[in-house]
Amino acid sequence: MISLASGIGTGLFLGSGSALYAAGPLGILLGYIVHGVLAAEVAFISAETIGYLPVSGGFIRFVPRFSDKALGITVALTFWYLLSITVAAEVVAASSLVAYWRPDLNHAIFITVFLLLILAFNLLPVRVYGESEFVFGTIKTLLIVGMILAGLLVDWGVNPAGDYIGGRNWSKGSPIHEYLVGGTTGRFLAFWSTLINASFAMGNIQITTIGAGEVANPRVNVPKAMRRIFWRINVFYILSLLVVGLILPSTEPRLSGSSSTANSPFVLAFTNVGIKVVPAIINTVVVTSAFSSGNGVLFLASRVLVGLAQDGYAPQVLLKTNKLGTPWVAVLVSFTLAPLAYLNCGGTAPALVFTWFINLIATAGLIVWCIICFTYVRFYYGLQHRGISRDELPYKSWGQPYCAIAAGIFSFIIVFFSGFALFFPGKFTASGFLSNYIACFAVPVIYVVLKVTLKSPWISYADMDFSDMDAVRAERFLRETAPPKKTSLWRKFVEKVADE
């Protein structure tokens, strides 16, 4: 539930609005489905690697073991930056959505309140974080299920006007809009423009692996959770976007981001059909969702720094804890990027500020995916070089190494063309260029500096450490010799579908 709470946030509830406006109902659906396939591959190779090496830190500890120490620290710092700046993005979203009720008040008031609450929650015991995220995750799940059912009823005519909508918003005009240019090229560009929004929404699919070392029977349970959480998130995303595309015209002007407040497409969908109570409920839950996601990513960011310090790659002062056992120094350092949320207080439209954050976070996340895929390929060939069969692993993803190679290349292509719209006549802006490409320059620079400083050699296939295979084989033997558990046919079927 905690993974679900962190995996579903304003990327769905707010970020999907601009994608729907740009691409149309079919365009956004195709974009998120295609990106979902990419996310699936990252999820499945993460499940395979965490099944072999179930340690706290997940992929952050896996990368230096099978590639290069400098690359491992680089991916850890990139992931820390991604998480830390996501705090600001979630606070921007939450403060903009609160303006639904009080557009007369300055956004700085709401930003300050949310920032202080998130910081306070992260200085409390870990137990408080876990319990609060479980509650928030439950609320999100109920909201999404309720929205899907309510949206279908509205589409079928159960609304104040008694208007049967059906597929009207798909058949009126083109279900895929034209973007920047006309014709087939314009429709392809509209579809492509949704991939960055989808990357922002699904980019933290791998966080389930971070706490692997603290889970019972991690070689079985963490890969299983990794695969299941992917299916849950994708089903929620696809069904939610399908429903909102049915009941909300994609030409709705308030989706364009030009208004003084941010608008959730889900709120607008129910407002437009004359339902008064549901939009306020949705907006309330979306605000708590943004707070929940901001709370969760700050927690994870601080633990990334703690992991780096424990491994000797960051100052030891980051390990200092308060009386409640919370690493308060790491929390405060991770909180330093959160005040960027005050960018929302200038004259720029909130939706544009949120778009900057979407670009910054999505591109950094895709670069992390590229490194995960690259490291997995090395892990794959390392096993092959040592004569170790992948059939011995607790989980074996299919189509390898070709699927991992394709996922890494596709992630790189999305990053490379993330700011394609800027290079059309009259579209270039410095802020747009930096938000799309600053990570592309910063990550290689960080890696080169670390490589020169640490002088760390690449780990050859012959020198890769596969000593954990002894533990893998021992645990496999215990599972196979243990008496079988009684399981219903229905549960066996669900587990077969969800886990394989």
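What you see is a predicted model; the values in this text were computed from it and never measured.

Cut-off values and rules
Residues take numbers from 1 onward in each chain, read along the sequence in its written order. Per-residue local features of the predicted model are confined to residues with pLDDT of at least 70, and side-chain atom pairs are confined, for both listing and counting, to 80 or more; whole-chain, interface and lining totals are unaffected and use all residues. Think of the side-chain values as coming from all heavy atoms in the structure, minus any hydrogens and water. A cavity, in this analysis, means grid points on a 1 Å lattice covering only the protein atoms where a 1.4 Å probe fits yet has no way out; a pocket is instead an open set bounded by protein on both sides within 12 Å along at least five of seven lines, and a residue lines either one if it has an atom within 4 Å of a point. Grid points are joined across faces, edges and corners, and a volume is the space filled by probe spheres set on the points. Elements are defined by DSSP. Helices are runs of H or I of four residues or more, strands are runs of E of two residues or more, and each kind is numbered from the N terminus. Asp, Glu, Lys and Arg are counted as charged, while Ala, Val, Leu, Ile, Met, Phe, Trp, Tyr, Cys and Pro are counted as nonpolar; the rest, among them Gly, fall into the polar class. Buried Ala, Val, Leu, Ile, Met, Phe, Trp, Tyr and Cys residues that are joined via side-chain atoms within 4.5 Å together make up what is termed a nonpolar core. Each residue is assigned to one of three classes by its accessible area relative to the maximum for its type, calculated with a 1.4 Å probe on protein chains only: buried under 20%, partly exposed between the two thresholds, exposed over 50%. Any pair of residues with heavy atoms lying within 4.5 Å of one another is described as a contacting pair. pLDDT is a per-residue confidence score from the predictor, ranging from 0 to 100. Only the contacting stretch of a helix is used when fitting its axis, a line to C-alpha atoms as for every element, and angles between N-to-C directions run 0 to 180 degrees. Oblique is the label for any angle not under 35 degrees, not over 145, and not in the 65 to 115 range, which are roughly parallel, roughly antiparallel and roughly perpendicular in turn. Helix crossings get a hand from a simple test, with the near helix turned counterclockwise from the far one by less than a right angle marking a left-handed crossing and a clockwise turn marking a right-handed one. Between N or O atoms, a polar contact is any pair within 3.5 Å; within protein, one atom must be a potential hydrogen donor and the other a potential acceptor, and residues adjacent in sequence are included only when both atoms are from side chains. What makes a salt bridge here is a side-chain nitrogen of Lys or Arg within 4 Å of a carboxyl oxygen of Asp or Glu, nothing more.

Moving on: empty space enclosed by the protein. The gaps of empty space that remain are located by a probe, the size of a water molecule, rolled over the atoms. Within the structure shown, the criterion is met by four cavities of 30 Å³ or more. By volume, the second largest cavity amounts to about 60 Å³. Mapped onto the lining of the second largest cavity, the elements with two or more residues apiece are helix H3 (16–52), helix H4 (59–66) and helix H14 (350–385). Of the residues in the lining of the second largest cavity, the class split is six nonpolar, three polar and no charged.

One finds Tyr32, Tyr52, Phe79, Phe357, Phe379 and Phe466 to be the most contacted residues of the largest nonpolar core, which totals 149 residues. The residues touching Tyr52, leaving out its near neighbours within four places in the chain, are Arg65, Phe66, Arg219, Phe379, Leu393, Pro394, Asp465, Phe466, Ser467, Asp468, Met469 and Val472.

The predicted model of the protein has a mean per-residue pLDDT of 86, with 92% of residues at 70 or higher. Across the protein, element-level confidence peaks in helix H15 (residues 402–416) with a mean pLDDT of 96 and bottoms out in helix H18 (residues 489–499) with 56.

Let's shift gears to the packing of helix H5 (residues 69–98) against helix H12 (residues 277–310). The description of two helices packed together rests on the angle between their axes and the distance between the axes. It is at 8 Å that the axes of H5 and H12 come closest, and there the two elements cross at 160°. In terms of their interaxial angle, H5 and H12 are classed as roughly antiparallel. The crossing of H5 and H12 is left-handed. For the contact of H5 with H12, the residue count by class is 19 nonpolar, five polar and one charged.

Viewed as axis vectors pointing N to C, helix H7 (residues 126–155) and H12 meet at an angle of 140°, and their least axial separation amounts to 10 Å. The hand of the H7/H12 crossing is left-handed. Across from Val126, Tyr129, Ser132, Glu133, Phe136, Ile139, Lys140, Leu143 and Met147 in H7, the residues of H12 making contact are Ile282, Val285, Val286, Thr288, Ser289, Phe291, Ser292, Ser293, Asn295, Gly296, Phe299 and Arg303. Of the residues assigned to the contact of H7 with H12, the class counts are eleven nonpolar, seven polar and three charged.

Attention now moves to the environment of Ala43. Relative to the helices and strands, Ala43 is located in helix H3. Through-space distance from the C-alpha of Ala43 to that of Glu392 is 20 Å; in sequence the pair is 349 residues apart.

Another point: the environment of Arg219. By the element assignment, Arg219 lies in helix H10 (residues 218–247). Separated by 175 residues in the primary sequence, Arg219 and Pro394 place their C-alpha atoms 6.3 Å from one another. Excluding anything up to four places from it in sequence, Arg219 contacts Gly51, Tyr52, Pro54, Pro394, Asp468, Ala471, Val472 and Glu475. Engagement of the side chain of Arg219 in a polar contact is seen with the backbone oxygen of Gly51, the distance being 3.3 Å. There is a polar contact of 2.8 Å between the side chain of Arg219 and the side chain of Glu475.

This part is about the pattern of salt bridges. For the structure shown, the criterion picks out 13 salt bridges. Between Glu475 and Arg219 there is a salt bridge, with its nearest N and O atoms 2.8 Å apart. Of this pair, Glu475 sits in helix H17 (residues 469–481) while Arg219 sits in helix H10, and the two are 256 residues apart along the sequence. Given the relative accessible area of 6%, Arg219 is considered buried. One network of salt bridges, in which partners are shared, links Arg65, Arg219, Asp465, Asp468 and Glu475.

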